Amino acid sequence: MSRLAVPKTYKLYIGGKFPRSESGRVYEVLGASGEFLANAAKASRKDARDAVVAARAAVSGWSKATGYNRGQVLYRIAELLEGRRAQFIEEITLAEGVSSSEAEAQVDEAIDRWIWYAGWADKYVQVAGNANAVSGPYFNISVPEPTGVVAIVAPQTSSLVGFVSAVAPALVAGNTVVVIASEALPLSAISLAEVLATSDVPGGVVNVLTGSPAEMAPWLASHADVNALDLVGAGELDWVQLQIDAAETLKRVFPPESGPDAATPSLARIVGFTETKTVWHTKSLI
Amino acid sequence: MTIDKVVSPASRATEVLGGELTESSLKRYLNGISGVDAVGLEARAADLGSRSIKTTSKAWALDRIISLIDLTTLEGADTPGKVRSLVAKGLTPDAADPTCPRVAAICVYGDMVPAAVEALGASHGLDEVSGGINVAAVATAFPSGRASLAVKLADTADAVAAGADEIDMVIDRGAFLSGRYGQVFDEIVAVKEACRRADGSYAHLKVILETGELNTYDNVRRASWLSILAGGDFIKTSTGKVAPAATLPVTLLMLEVVRDWNRLTGEKIGVKPAGGIRTSKDAIKYLVAVAETAGEEWLQPHLFRFGASSLLNDVLLQRQKLATGHYSGADYVTID
Amino acid sequence: MSFLEYAPAPESTALLNLQSEYGLFIDGEFRAGSDPTFSTISPATEKRIATIASASTADVDAAVAAARRAYDSTWSRLSGRDRAKYLFRIARLVQERARELAVAESLDNGKPIKESRDVDVPLVAAWFFYYAGWADKLDHAGLGPNPRALGVAAQVIPWNFPLLMLAWKIAPALAAGNTVVLKPAETTPLTALLFAEIVQQAGLPAGVVNIITGAGSTGRDLVNHPDVNKVAFTGSTSVGREIARSLAGTSKKLTLELGGKGANIVFDDAPIDEAVEGIVRGIFFNQGHVCCAGSRLLVQENIHDEVVDRLKERLSTLRVGDPLDKNTDVGAINSAEQLARISELSEIGEAEGASRWSPACDLPSEGFWFAPTLFTNVSTASRIARDEIFGPVLSILSFRTPAEAVAKANNTPYGLSAGIWSSKGSRVLAVADKLRAGVVWANTYNQFDPASPFGGYKESGYGREGGKQGLAAYLAPAGLPSRAAERASGAAEIDSGNAEQGEAAVVAGAGGTAGNADSAGTTDTAGTAATEGDLK
């Protein structure tokens, strides 16, 4: 007699906890061939609001951590992902209908990208910052700093690589994120959240919402306590309106990208959500 | 010039320090004084130096500069003849213009005091005689100050006995830089006492910090407070024998101290930049700094002096230019 | 007499050779505008200086078209070395005509001649000199090899530092290889028009620099023009917000330098005399018409009274009056409109219970004047503690601990500038770290340098001006690694404004350096390319 399987409940990830949507709503996540895979939480604007609160609370600690420390924490995630490759390969195979070798390649890519970004945490300041030779007796230095809370609409056509490619660079600099997962492919995102929850990433640094990007994105775009908006996966939404909403508080915005190169790893993705701070200090002995 | 009220420096310092006067309480007090940001101080000095002083203000300034000069000769080669010549120049700076004011004082080495007093004759005494001139003597083993206290005190008393109205003493920079503030304090107090005349009045005491050797603005500020606490009537930048001598930022800093002292105690202390001020243009910058920092009332010989020699002739040339509308030449002013 | 009164020392206006009427500078020539003209006046006397043309929508079209032609036919084909030489020429011409420019600036803007002479105009020359040297070194700007210019830059600048803001905009744009259409502020067009003469003198190809004058609608037409690739704006947050909205969905690269409410934090171990000077420089420099002004003074409670006393004493020596007098410290308010705003906010400050103080000073009867003003007993909720006043008005608040100082300093939607006064190095660095502001001055204030990036956090805008970051704001990476590179290289050949597709590809591949992304987000394609190999 075969064993009765234990299906997994996919919930939201907010402030290091896994709540259901406050609205009580769920939606059916279907596989590539239309079969039922799971119920995912259908987050509401209030969940988005709670996620921003959690992300804001986490900014101070995460941004204050040393680059070396953040690099290690991010690397640790890659280690954990490596140990759970099988789970992700299975989820991607079911969700995207790809072969297991293709799914495997995707998981490998996601892990490698995570490692690539982890390595930047203690280096991007050196590359993007600089000492400035001003014409006066002043010490003058420019350094990039995290911009704060970043809201992300993750790429919609990718389960894991797209999600990682959007989230990891924002974390490197010390931002915290509220990310709306792919609406159709949310399961890997939640599984990744489970990895994050057991890693050393402090609660609130990454907050994952599942559900309708079209419903939630406007609330995040117009939220005054969100500093930046990554619309990489918002190409199918009314993203121009989201940009207009974001302009109200002068948020930094990344435009939508499409295709396999969406959110290609780049230093620009890290530095784009930083602010350059220039510090002057007088310099003279007598 | 004499001091009307005699307050014991030690009791005054005790009052300001708010406790017992000891080496360590003095050190604590001086180290607790707000620091100086060099860049900001120099920027402020440059800003004051960029004031544009024209026409009537300039005419007033030039005359005022002359009346604030301690006309100085401090050479090993000084003779009574040289001093007499200097006195004559101080009394009649511009032979062609009787309206030209006289300088404030003639500043010489102690052994030249009798020559200066004699040359001044009836014109001796800034306060005693209208149009009078004081005699200032450098003392305390000027310029290095490296002699025993006994010698320094004898040097001082000798000059005062010879008729010096003002004593320009040097502080012991070695003691100051090694943190022996109490020693510097005591020495100033002792020299002040040596300025006492038989009739109980005091010769005016200018305390030379030798800012070029103190090196940092923080030191200059502390030394200024220390000198005032110890009873100095004036604080003076330099001996003129060490470079850099007077600079505008250093003088501005000392003016800030006397302003703050005035705010604290109501007393007015004088400031004397000395050495390196050679042109009217530079001297006017100092007047601006005085007026905008300590206040305009400081622009009088009891509260501000220039220690200078060649400055006088440049001011005279500028005066002639203002009077005639033409540029003058070096042959139209006298060599003292 | 009082020596402190100082006899008048007026700067001569004899060397100014102004026209009575100025046209629009389009395609290398002055031409009449299509809309009704307006007058620019001296805010110190309210007297007319010159009649200024107003650019219509058609004029804006003509200016953008001229810039596009110049970009396609000459400027984008010129070597970086030659672009550099043109910019060096401009720098030298500015130096040669420095006195004239300073007088014109003070006349038109109302700022004291000693500031236009010693700060504005020297910095203008420095800005061109600095960026001139970049023109043939773009490979080192942080975008990888062979970065490309964006095309036509639309630039709209404010009235507080008219010529300096022009330099901040035009110098990096031209160095990077863009052509520009610049609109100066309505109340201060004069020096931009004199600059147009300098452009002619320098022999710059026609259309590389176009200067169009007019009101807000002209600026709106300009930034919304479809053939513009880059928009750079300095001004109020409300207009910046409007521009960000109107550019949503376009591929125009945008940098915004907006308002501020800078906190100037004075700790009890500050070098006190220099701090007082810095407070004065922070808020009364340029009549407080400075976006990064230290308009909120945060003083540690135990020295609050002493600092206020010293400040009052110092303010009493400030000389308010004729901008052209070399001894003037505080000049005229730029316009009647601005004066009304400053007056209104000050009255609100009083009504909200803050104590107002100004030194005794005789203000001229003609012109727009506002005495230097302090407010004590200001609560954090007060409008004068939150709104940008943009005038010589200082709001003084106190704090007890460094943590409270940081919290109060950051408690604003703005994030442009801040000051720290303390003799303790570790405290300075720790506080500087925690301040959410793009420029932090420690033991100094309101210092500017072409090598030093300047720009804000939060609602103070995005992008940086100055330094290599300021250059990157006018550049895009040449190409991209992997598949995107093929598309991008196709786009680079089109390189005109219609390369919508190519631009989009570049935007996407570069992680969104276009659009609203912070221009500080320079791309290191070299680094990316190298790692791409490892990833794929």
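Residues numbered from 1 in each chain as written. Chains lettered and ligands numbered in written order. Predicted model: local features only at pLDDT ≥ 70, side-chain atom pairs only at ≥ 80, totals over all residues. Heavy atoms only, no water.

The next thing to look at is the sheet that holds strand β4 (residues 138-146) of chain A. Strand order in the open sheet made by the 10 strands is β3(A)-β4(A)-β10(A)-β18(C)-β17(C)-β12(C)-β13(C)-β16(C)-β15(C)-β14(C), with mixed pairing throughout. Here the strands that pair on one side only, and so sit at the sheet edges, are β3 (130-131) of chain A together with β14 (355-357) of chain C. With two bridges connecting them, β3 of chain A and β4 of chain A associate as antiparallel partners. Looking at β4 of chain A, one finds that A131 of chain A is bridged to I141 of chain A. (Pairing = 2+ DSSP bridges. Helix = DSSP H or I, 4+ residues; strand = E, 2+ residues; numbered from the N terminus.)

Attention shifts here to the interface of chain A and chain B. On the side of chain B, seven residues touch chain A, which itself brings seven residues to the contact. When chain A packs against chain B, close to 530 Å² is buried across both sides, 66% of that on carbon and sulfur atoms. Remark: the boundary between chain A and chain B carries zero salt bridges. Of the residues in the side of chain A that touches chain B, the class split is four nonpolar, two polar and one charged. (Contact = heavy atoms within 4.5 Å. Buried area = accessible area lost by both parts, 1.4 Å probe. Salt bridge = Lys/Arg side-chain N within 4 Å of Asp/Glu carboxyl O. Nonpolar A, V, L, I, M, F, W, Y, C, P; charged D, E, K, R; others polar.)

Within the largest apolar cluster, 117 residues are counted, with the highest numbers of intra-cluster contacts made by F128, L166, F195, V209 and L311 of chain C. Of all the elements, helix α5 (residues 162-176) of chain C adds the most residues to this core, at 12 residues. Counting contributing residues per domain, this core is built from domain 1 (23-40 + 49-257) and domain 2 (263-450 + 521-535) of chain C, each supplying no fewer than three. Leave out the neighbours within four places in its chain, and V209 of chain C touches F25, I170, L174, V180, F195, V199 and L204 of chain C. In this structure, L30, V160, M169 and V315 of chain B belong to the second largest nonpolar core, which totals 101 residues. (Core = buried A, V, L, I, M, F, W, Y, C linked by side-chain atoms within 4.5 Å. Buried < 20%, exposed > 50% of the residue type's maximum accessible area, 1.4 Å probe, protein only. Domains from an automatic or database assignment.)

Residues and elements named next belong to chain C. Locating E257 in the fold gives a position in strand β11 (residues 253-257). Buried within the structure, E257 lacks any salt-bridge partner; its nearest side chain of opposite charge belongs to K169, at an N-O separation of 6.1 Å. Not counting chain neighbours up to four residues away, the residues in contact with E257 comprise F233, T234, G235, C291, L416, F454, S460 and E465. (Lys, Arg positive; Asp, Glu negative; His and termini not counted.)

Below, the discussion takes up helix α6 (residues 161-172) of chain A. Residue and element names in this part refer to chain A. Here α6 contains 12 residues, and its C-alpha end-to-end distance of 16 Å stays within 8% of the 16 Å for a straight helix at 1.5 Å per residue. Within α6, 12 of the 12 residues are buried, which leaves the element mostly enclosed by the surrounding structure. For α6, every residue scored as buried is listed here: V161, G162, F163, V164, S165, A166, V167, A168, P169, A170, L171 and V172. Phi for G174, located one or two positions after α6, is positive at around 110 degrees. (Expected span 1.5 Å × (residues − 1).)

Before going further, it helps to examine the environment of L4 of chain C. The topology assignment puts L4 of chain C in the segment before β1 (21-22). For L4 of chain C, a relative accessible area of 24% puts it in the partly exposed group. Counting along the chain gives 315 residues from L4 of chain C to R319 of chain C, while the straight-line C-alpha distance between them is 9.8 Å. Excluding its chain neighbours within four sequence positions, the residues that come into contact with L4 of chain C are A291, E292 and E296 of chain B together with R319 of chain C.

Residue and element names in this part refer to chain C. Per the domain assignment, the segments making up chain C are domain 1 (23-40 + 49-257) and domain 2 (263-450 + 521-535). Here domain 1 and domain 2 have C-alpha centroids that lie 28 Å from each other. The interface of domain 1 with domain 2 comprises 31 residues on the first partner and 30 residues on the second. The tally of links between domain 1 and domain 2 comes to one salt bridge. The tally of links between domain 1 and domain 2 comes to nine residue pairs in polar contact (both at pLDDT 80 or more). Elements supplying a minimum of two residues to the side of domain 1 that touches domain 2: α3 (98-109) and α4 (113-134). For the side of domain 1 that touches domain 2, the residue count by class is 16 nonpolar, nine polar and six charged. (Polar contact = N/O pair within 3.5 Å; in protein donor to acceptor, adjacent residues only side chain to side chain.)

In this section: the environment of E313 of chain C. By the secondary structure assignment, E313 of chain C is in helix α10 (residues 304-315). Residue class for E313 of chain C comes out partly exposed when judged on its relative accessible area of 37%. Remark: the alpha-carbon pair of E313 of chain C and P359 of chain C, spanning 46 residues in sequence, is separated by 8.5 Å. Apart from the residues lying within four places of it in its own chain, the contact partners of E313 of chain C are R259 and R263 of chain B.

Moving on: the sheet that holds strand β5 (residues 149-153) of chain A. Residues and elements named next belong to chain A. Sheet architecture is open: five strands sit in the order β7-β6-β5-β8-β9, paired in parallel fashion. Two strands close off the open sheet at either side, each with one partner strand: β7 (206-209) and β9 (252-254). Adjacent strand axes in the sheet meet at a mean angle of 15 degrees, parallel and antiparallel pairs treated alike. Sheet topology places strand β6 (residues 176-180) next to β7; four bridges connect them, and they run parallel. Looking across to β7, one finds that V178 is bridged to N207. Along the sheet, helix α1 (residues 45-64) contacts β5, β6 and β7; its crossing angle with β6, the most-contacted strand, is approximately 155 degrees. Here α6 sits on the sheet in contact with β5, β6, β7 and β8 (228-230), set at roughly 165 degrees to β6. (Axes fitted to C-alpha atoms, helices over the stretch in contact; angles between N-to-C directions.)

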